[in-house]
Amino acid sequence: MAVVTVNLRAVTSWVGITRIFAVVLSCLAFSLVASTKDFEGPYGTWCMFTWCFCFAVTLLVLVLELLELYPKLPLSWDDFTSAFSMLAVLMVFTTSVIFPSIFISSPCSGSKCARQAVATTVSCLCFLAYTLEVGLTRAKPGDISSFLSTVPGLLKVFEAYVACLIFSLLDTYSSEAGLQWCVAVYSICFIVTLLIIIFTIGRCLAYMPCPLEKMLVGYNTLAVVMYITATILWPLYSFRGSSHPNACDRNCWDKRLGVTFLTIFNLIAYLVDLVYSTRMVFIRAPS
């Protein structure tokens, strides 16, 4: 019979304690909101999904590390946990902003409002818990044994998530060639970034024809150039002839403005990514 080993350090280390707090806080958040029975619509569904997803995955990580079962999984565990904790930071942060802005009305009174306010506070604390986990597990400078725990690796998760937010705001776009190019930029960069994350977690980087660091420099350079064009073309074509609020209602205008800012955020992320990736190549290069 197989002997199950219990690793108490999985729940007594600082990372383990942080994960326990994240499990408790995420569970408390979705329980409070569920008790109000007011989470209908796409935004409410997203908030509940975020808390439930983070709760379930973090609890699974704790159990697998406590019983030391994770080495049997066909994946890079450190890369997986680093990528998930960064994703959780972004998801819970977005939820902590969306939920109160959509569901807490002003003036706010009654037990329902109190539970919603507590859920928002708990969600913010959950965001801080995942942020602390990212800080505790981040790789030291020069160490790329776990790529997704390095700054470029964490930025890859950020870039993919921001691209998903952009897609969620691309309700409709015209047949303008400039806007079609922007959507192509978002799609191409998202797919390549997602493949890098998946290949890293799946330990498939050894099958790549060139070293990861050099490939990242080339890809990030291309992504920066493409996002520069999107940063210029999206507002140019999107707002041309659409002075608010005549040709575009408030919802349409807000979505186009949101895509503009998210495009700028991703451009900055790819620029920082390029700088760090270039430093990784020089650090590892023989003197």
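Residues numbered from 1 in each chain as written. Predicted model: local features only at pLDDT ≥ 70, side-chain atom pairs only at ≥ 80, totals over all residues. Heavy atoms only, no water.

Per an unreviewed UniProt entry, the protein goes by MYADM protein and derives from Pelecanoides urinatrix. Per UniProt, the protein carries the Sequence similarities (unreviewed entry) text "Belongs to the MAL family." The UniProt entry for the protein carries the following text under Subcellular location (unreviewed entry): "Membrane". (UniProt positions renumbered as here; feature names shortened; annotations may be inferred.)

**Student:** Would you mind going over the overall build of the protein with me for this structure?
**Tutor:** Secondary structure summary: the protein contains 9 helices and 0 strands in total. Reading the protein from its N terminus to its C terminus gives the helix and strand order α-α-α-α-α-α-α-α-α. Counting over 287 residues, the protein shows a buried share of 43%. Nonlocal contacts in the protein, meaning residues at least 24 apart in sequence, comprise 79% of its contacts between residues at least 6 apart. (Helix = DSSP H or I, 4+ residues; strand = E, 2+ residues; numbered from the N terminus. Buried < 20%, exposed > 50% of the residue type's maximum accessible area, 1.4 Å probe, protein only. Contact = heavy atoms within 4.5 Å.)

**Student:** So what exactly am I meant to see when it comes to the pattern of salt bridges here?
**Tutor:** Side chains that differ in charge, positive against negative, can pair when their charged atoms come close. Overall, the coordinates contain 4 salt bridges when judged by the stated rule. In this structure, Glu-65 engages Arg-19 in a salt bridge whose closest nitrogen and oxygen atoms are separated by 2.9 Å. Placement of the pair is Glu-65 in helix α3 (residues 41-66) and Arg-19 in helix α2 (residues 14-36), with a sequence separation of 46 residues. By relative accessible area, which is 4% here, Arg-19 ends up buried. Ionic pairing is found between Glu-133 and Arg-19, a salt bridge with its closest N-O pair at 2.9 Å. Here the residue Glu-133 occupies a position in helix α5 (residues 110-137), and Arg-19 occupies one in helix α2, the gap between them amounting to 114 residues. Exposure class is identical for Glu-133 and Arg-19. Each is buried. (Salt bridge = Lys/Arg side-chain N within 4 Å of Asp/Glu carboxyl O.)

**Student:** I would appreciate a short explanation of the packing of aromatic side chains in the present structure.
**Tutor:** For any pair of aromatic rings, the description consists of the separation of the ring centres together with the inter-plane angle of the planes. Across all of its chains, the model carries 15 aromatic pairs by this definition. Ring centres of Trp-77 and Phe-80 lie 5.6 Å apart, and the angle between their planes is 35°; on these two criteria the pair is classed as tilted. Placement of the pair is Trp-77 and Phe-80 together in helix α4 (residues 77-103), with a separation of 3 residues, close to one helical turn. The exposure class assigned to Trp-77 is buried, which follows from its relative accessible area of 6%. On the basis of relative accessibility, which here comes to 25%, the residue Phe-80 falls in the partly exposed class. Taking 5.3 Å as the distance between ring centres and 25° as the angle between the ring planes, the aromatic pair formed by Phe-99 and Phe-103 counts as stacked. Taken as a pair, Phe-99 and Phe-103 lie in helix α4 at a separation of 4 residues, close to a single helical turn. Counting every residue linked through ring pairs, the aromatic cluster contains Trp-46, Phe-49, Phe-53, Phe-84 and Tyr-130. (Phe/Tyr/Trp six-rings, centres within 6.5 Å; stacked < 30°, edge-to-face > 60°.)

**Student:** In this structure, what is going on with the side chain of Glu-133? I would like to understand it.
**Tutor:** For Glu-133, a relative accessible area of 3% translates into the label buried. Excluding anything up to four places from it in sequence, Glu-133 contacts Val-15, Thr-18, Arg-19, Thr-81 and Ser-85.

**Student:** Any chance you could explain the nonpolar core here in plain terms?
**Tutor:** Soluble globular proteins tend to pack their nonpolar side chains together in the buried interior. With 67 residues, the main nonpolar core has Trp-51, Tyr-130, Ile-166, Tyr-186, Cys-189 and Tyr-227 as its most contacted residues. Listing elements by their share of this core, those giving two or more residues are α2, α3, α4, α5, α6 (151-169), α7 (177-201), α8 (212-238) and α9 (250-284). Residue contributions to this core peak at 12 residues, all from α4. Summarising the domain contributions, this core has at least three residues from each of domain 1 (1-144) and domain 2 (150-286). Ignoring any residue separated from it by four or fewer positions in sequence, one finds Tyr-130 in contact with Ala-22, Cys-54, Phe-55, Thr-58, Phe-84, Ser-85, Ala-88, Val-89 and Val-92. (Core = buried A, V, L, I, M, F, W, Y, C linked by side-chain atoms within 4.5 Å. Domains from an automatic or database assignment.)

**Student:** Quick question: what am I supposed to make of the side chain of Thr-260 here?
**Tutor:** Topologically, Thr-260 is positioned in helix α9. Under the relative-accessibility criterion, Thr-260 is labelled buried at 13%. At 2.9 Å, the side chain of Thr-260 and the backbone oxygen of Arg-256 are in polar contact. Residues within four places of Thr-260 in sequence aside, it is in contact with Trp-234, Pro-235 and Phe-239. (Polar contact = N/O pair within 3.5 Å; in protein donor to acceptor, adjacent residues only side chain to side chain.)

**Student:** Would you mind showing me how to read the UniProt feature "transmembrane region" (unreviewed entry) in the protein here?
**Tutor:** UniProt records the feature "transmembrane region" (unreviewed entry) for residues 12-34, 46-64, 84-105, 117-136, 178-205, 217-237 and 257-276 in the present numbering. Taken end to end, residues 46-64 has its terminal C-alpha atoms 27 Å apart, with 100% of it in helix and 0% in strand.

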